[in-house]
Every structure is written in C-alpha cells, then in structure tokens.
Amino acid sequence: LLIQTAMECKNIGVYTDALDAWNNTCPLDGIHGNAEWLSQTSKFLTSKVDRLEQDLKNYQLSQDKENIRRTHHSLGDHYYNCGDLSNAVKLTSRDLCSNAVKHYQKSRDYGTTVNHTLDFLLSTLKVSVYLYHWTSVYNYIKKTELLEITDPSKQLTLSLIKGLCEMSLGNYAQACRIFANVPHDHWTSEVISPYSLLIYCTLCAIGSLSRQEYQRLLFENNNFKQYCDSNETIKNCLLAFYNREYSQGLRILDNIKPKLKLDMFLEQHIDDIYSNIRKCCLCQYFKPYLACDLNRMAENFNTDLETLEGELKGMSIGSTMSYKIDGFHKVLRYCEDDDKAHVLNDILAMARKYRQKTQALIAKSAILKSGLVIKDNVNVAISEEKPSTSS
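Residues numbered from 1 in each chain as written. Predicted model: local features only at pLDDT ≥ 70, side-chain atom pairs only at ≥ 80, totals over all residues. Heavy atoms only, no water.

Asker: Got a sec to walk through the overall build of the protein chain? Specific residues and values, please.
Answerer: Across its full length, the protein chain holds 19 helices and five strands. Per-residue burial for the protein chain yields a buried fraction of 37% across its 391 residues. Residue pairs at least 24 apart in sequence account for 56% of intrachain contacts in the protein chain once pairs closer than 6 positions are excluded. Accessible area of the protein chain: about 24100 Å², with a carbon and sulfur share of 52%. (Helix = DSSP H or I, 4+ residues; strand = E, 2+ residues; numbered from the N terminus. Buried < 20%, exposed > 50% of the residue type's maximum accessible area, 1.4 Å probe, protein only. Contact = heavy atoms within 4.5 Å. Areas by Shrake-Rupley, 256 points an atom, 1.4 Å probe, with all protein chains shown as cover.)

So, in structure tokens, the structure goes:
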C-alpha cells in the first residue's frame, strides 16, 4: 500500500525506501522496482522544476512581484508534494530546512495582503510539522494569532496543527481541549484524518483530564460526539473508562497499541501516554476507598500482583492522598493525615524561629555593650566638620 501510494504521489524517495525495506524484510517475496516508472517520473519532476525556475527568472526580470510570489509558492508546493523535506538550507537561517520551506520563505517577501501572509504561514507550518520542528511550529502559530482568519478550512488546519504541537510538547490536556473543539463538518484538512483526531483526543483525555472535565469535554460536547459515532471501538473505550470498567478499557487500548505505534505523531509519545493513563486510572480506582484488595485490583487492571505493586511503588497516587502497601495482607491502605503531628510540627517550627530571634537579640546587645560598632564614615566626617557650640 505504501509503495502504491508513493507511486501515486510521485515520491521517488519514499518509493525506493519502501521497496528496500520490503526486500530486506521479505527477501523470498522480493519486489522488483519499476525502472520505467522511475525514469518517467524523474524526467517529469525535473522538467517541471526547470519550467517553474525558468518562469521565475522571467518574472524577476520583469519585476512582476505577484507572479514571483506565486511561482515561489508553486515550487514550494511541488517540493512538498514530492516529499523533499530535508535537502536544502534556508537562506535566512543556519538550521537545516527544506526546499519547500525555502521557496515559501521567499514568497513571503513578495506578499502584499493578509491572505498572502497567511498562506505562507500555513504552508510553512505544514512542512515544519512533517519535519518535527515543533519549536518553529510554536513560533509560527503565535504569528497566526495576530491575523484575522475567516476561511473555515484554514482555521481547521491551524487548529489541528495547534493540537499536534501541544501533544508533541507533552501538553496532553491542552491538546485534548483543542482537538475536542475542532468542527467535524466539512473536513478539508490534509494534516491528519478525523480518525486520527479521535484517537489523539481520546488518549490525551483519559490520561490527563479530571473526571468532571472528561465528561464535559467529551460526552456533553455535541461536536465530539460526531467523531465518536464514527468508530464504535473508541466509543466503547471511552465509555469503559468513564464507567470505571478499567479492565475492558485497558484491553481495548492494548489491542490497538501496535497500530498506534505506526502513527508518525504518536510513535514517540505512546508509551508516555499509556503510562499516564494507568496512573490516572489507579488514582481514580483507589480514591473512594480507605483500603483496596491488591489481588482484585490487579485483576481489574489486567496485570499480576507483583507488577501492580511495582507500579504503586513507583508512583504517587495524588498530591493530597498518601497510601501504604500492606505486603503481608496484600492490601493498599489509605493513610489519614495525623492532625496531632501537624500541630507538633508547627509548635517546633515556631520554637525554632523564636530561638533564632532571641539569639540574635542577645548577640546585638553584647556587641553594643562591648562597643564593637562600625560607624558610617560619612556620618563621622560630617560630625567632625560641625563647629563645637560653646556653653
């Protein structure tokens, strides 16, 4: 499928990489490259670049700024469609960038309207997303916030990129809030698919949001319900976690995890997100109780007793909740705050503070009594210049 898609997009780099990966993985079922397609595609791409560059030279000679901008943008789109995302150096920076971004950057110099600036920013953002340059993405997003965007399709693309940026920076709660409010109707973005948005929003919500916000943002949001209705598996997963059926919800996540590891944006974060989900679920499971049976808890979380104890030892269930593991009876117990100990600690702190103040006052009194006081030179000079008054 990847090889076929690369041929349709005329992406020679992806085609050869996919072909080599297949032949290395399955040498007995090797696939021979289509030499004729490679030759024809290479000639077509070369001729297209030559034609655009010749047009660009002609427009530069005639000082036609609008056509210069369009040609630069067309060259950027051409390199973007061909997947040429890491071969050139941007003229205004030392960082490696792409041929696509280089021409998008040049088109900015010839822009005359707000729409021209917005087209440049969105095009650069899309390329930066695929290059995983999240710092650049964040900076360009801040620039788009200064512009008035009236086109719904551009607003949709910008919202998706914002969500991806927050998720890639580890701000899962903020990413979920952005994804949940992306309108479902009239989907025109090529950045991610609606199914990918549903996956991202679900994982970020389960592992980072409180139960109240989880309900308000997902189940009371009519816009997000349209995404859930399109996939029964993810909908059942959300309901399972909301109804505290952790065994079923975690089983669904474990089943789809191999596919999620193939996602280009989730690959680096999937383990961290899954770890946050388990910690959040353990917190929600234990919060209503004073004691929990570890054997039953391990059964509800699809794990064995030893692994569960290791998880509990390596995490904090909550900033305001303390607990201890009864290894003999295999029970997790809630530790209530000892009010008497808090009072005693406050008294000791107050006594230490009083002792420090008392010692400071005693030292000051002894210094004054011994005459070990360093006078200010300025005050001494002034006092010496004053004439003495005769009685």
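From this point, the discussion proceeds with the structure in view.
Asker: Lay out the packing of helix α7 (residues 134-144) against helix α8 (residues 152-168) with the relevant residues and their values.
Answerer: Contact geometry for α7 and α8: axes closest at 10 Å, N-to-C directions at 140°. The orientation of α7 relative to α8 falls into the category oblique. Judged by the twist between their axes, the crossing of α7 over α8 is left-handed. In this structure, α7 contributes Trp134, Val137, Tyr138, Ile141 and Thr144 to the contact, and α8 contributes Leu158, Ile161, Lys162, Leu164, Cys165 and Ser168. Considering only residue class, the contact of α7 with α8 consists of eight nonpolar, two polar and one charged. (Axes fitted to C-alpha atoms, helices over the stretch in contact; angles between N-to-C directions. Parallel < 35°, antiparallel > 145°, perpendicular 65-115°, else oblique. Left-handed = near helix turned anticlockwise from the far one by under 90°. Nonpolar A, V, L, I, M, F, W, Y, C, P; charged D, E, K, R; others polar.)

Asker: Tell me about the nonpolar core, and name the residues and values.
Answerer: Most often, soluble globular proteins keep nonpolar side chains buried together rather than apart. Within the largest apolar cluster, 73 residues are counted, with the highest numbers of intra-cluster contacts made by Leu164, Leu203, Phe241 and Met297. If one sorts the elements of this core by residue count, helix α10 (residues 194-208) sits on top with nine residues. Excluding its chain neighbours within four sequence positions, the residues that come into contact with Met297 are Leu282, Tyr285, Cys292, Leu308, Leu312 and Leu332. (Core = buried A, V, L, I, M, F, W, Y, C linked by side-chain atoms within 4.5 Å.)

Asker: Go over the pattern of salt bridges with me, naming the residues and quoting the values.
Answerer: All told, the structure shown has five salt bridges when counted by the stated rule. Arg216 serves as the salt-bridge partner of Glu213, at 3.7 Å between the closest nitrogen and oxygen. Here Glu213 and its partner Arg216 are both found in helix α11 (residues 211-219), three residues apart, which amounts to about one turn of the helix. Note that Lys257 and Asp271 form a salt bridge whose closest N and O atoms lie 3.5 Å from each other. (Salt bridge = Lys/Arg side-chain N within 4 Å of Asp/Glu carboxyl O.)

Asker: A description of helix α14 (residues 246-260) should follow, citing residues and the corresponding values.
Answerer: The end-to-end C-alpha distance of α14 is 20 Å, a good match for the 21 Å that 15 residues give at a rise of 1.5 Å each. Along its length, α14 shows its largest kink, about 25°, at Asp254, and proline Pro258 lies within four residues downstream of that point. Listed as buried for α14 are Tyr246, Ser247, Gly249, Leu250, Ile252, Leu253, Ile256 and Leu260. (Expected span 1.5 Å × (residues − 1). Bend = angle between axes of the 7 residues up to and from the residue.)

Asker: Let's hear about α11: which residues, and what values?
Answerer: Every buried residue belonging to α11 is among Glu213, Tyr214, Leu217 and Leu218, and all of these are buried. Along α11, the residues classed as buried sweep out an arc of 105° about the axis, all on the same side. Lining the buried residues of α11 we find α9 (172-180), α10, α12 (222-229) and α13 (232-242). (Arc of directions from axis to C-beta.)

Asker: Kindly report on a nonpolar patch on the surface, identifying the contributing residues and their values.
Answerer: A surface patch of nonpolar side chains, about 400 Å² in accessible area, is lined by Ile367, Leu368, Leu372 and Val373. Note that Leu372 resides in the loop between α18 (339-370) and α19 (377-385). (Patch = residues over 30% accessible without salt bridge, like charges linked within 9 Å, V, L, I, M, F, W, Y side chains within 5 Å.)

Asker: Please provide a residue-by-residue account of empty space enclosed by the protein, values included.
Answerer: Going through the model one piece at a time under the given rule, you end up with one cavity of 30 Å³ or more. Computed from the structure, the largest cavity encloses a volume of approximately 80 Å³. Ala205, Ile206, Leu209, Ser210, Arg211, Tyr214, Phe241, Tyr242, Cys281 and Gln284 together form the lining of the largest cavity. Contributions of two or more residues to the lining of the largest cavity are made by α10, α11, α13 and α15 (270-286). (1 Å grid on protein atoms, 1.4 Å probe; cavity = no way out; pocket = protein on both sides within 12 Å on 5 of 7 lines; lining within 4 Å. Points joined across faces, edges and corners; volume = space filled by probe spheres on them.)

Asker: Give me the lowdown on the confidence of the model for the protein chain, citing residues and values where you can.
Answerer: Residue-level pLDDT values for the protein chain average 77, and 74% of them are 70 or greater. Ranking the elements of the protein chain by mean pLDDT puts strand β1 (residues 88-89) last, at 30, and α9 first, at 91. Overall, residues 86-97 carries pLDDT values under 50, and its contacts beyond four positions in sequence, including any with other chains, amount to 21 contacts. A low-confidence stretch, residues 378-386 (pLDDT under 50), is modelled with one contact involving residues beyond four sequence positions or located in other chains. (pLDDT = per-residue confidence, 0-100.)

Asker: Any chance you could break down the side chain of Gln284 for me, citing the residues and the numbers?
Answerer: Within the secondary structure layout, Gln284 lies in helix α15. Accessibility expressed as a relative area gives 18% for Gln284, which makes it buried. Separated by 3.3 Å, the side chains of Gln284 and Tyr246 make a polar contact. If sequence neighbours within four positions are ignored, Gln284 has contacts with Arg244 and Tyr246. (Polar contact = N/O pair within 3.5 Å; in protein donor to acceptor, adjacent residues only side chain to side chain.)

Asker: Outline the packing of aromatic side chains, supporting the account with residue identities and numerical values.
Answerer: In this structure the tally under the stated criterion is 13 aromatic pairs. Measuring from centroid to centroid gives 6.3 Å for Trp134 and Phe265, while their planes differ by 65°, and the two rings are edge-to-face. With Trp134 in helix α7 and Phe265 in the loop between α14 and α15, this pair connects stretches of sequence that are 131 residues apart. Note on Phe265: relative accessible area 4%, which makes it buried. The structure contains a cluster of three or more aromatic residues connected by ring pairs, namely Tyr130, Tyr132, Trp134 and Phe265. Positioned over the ring face of Tyr242 is Arg211, at 4.5 Å from the centre of the ring. Between the NZ or CZ atom of Lys257 and the centre of the ring of Tyr274, over which it lies, the distance is 4.9 Å. (Phe/Tyr/Trp six-rings, centres within 6.5 Å; stacked < 30°, edge-to-face > 60°. Lys NZ or Arg CZ within 6 Å of the ring centre and 35° of its normal.)

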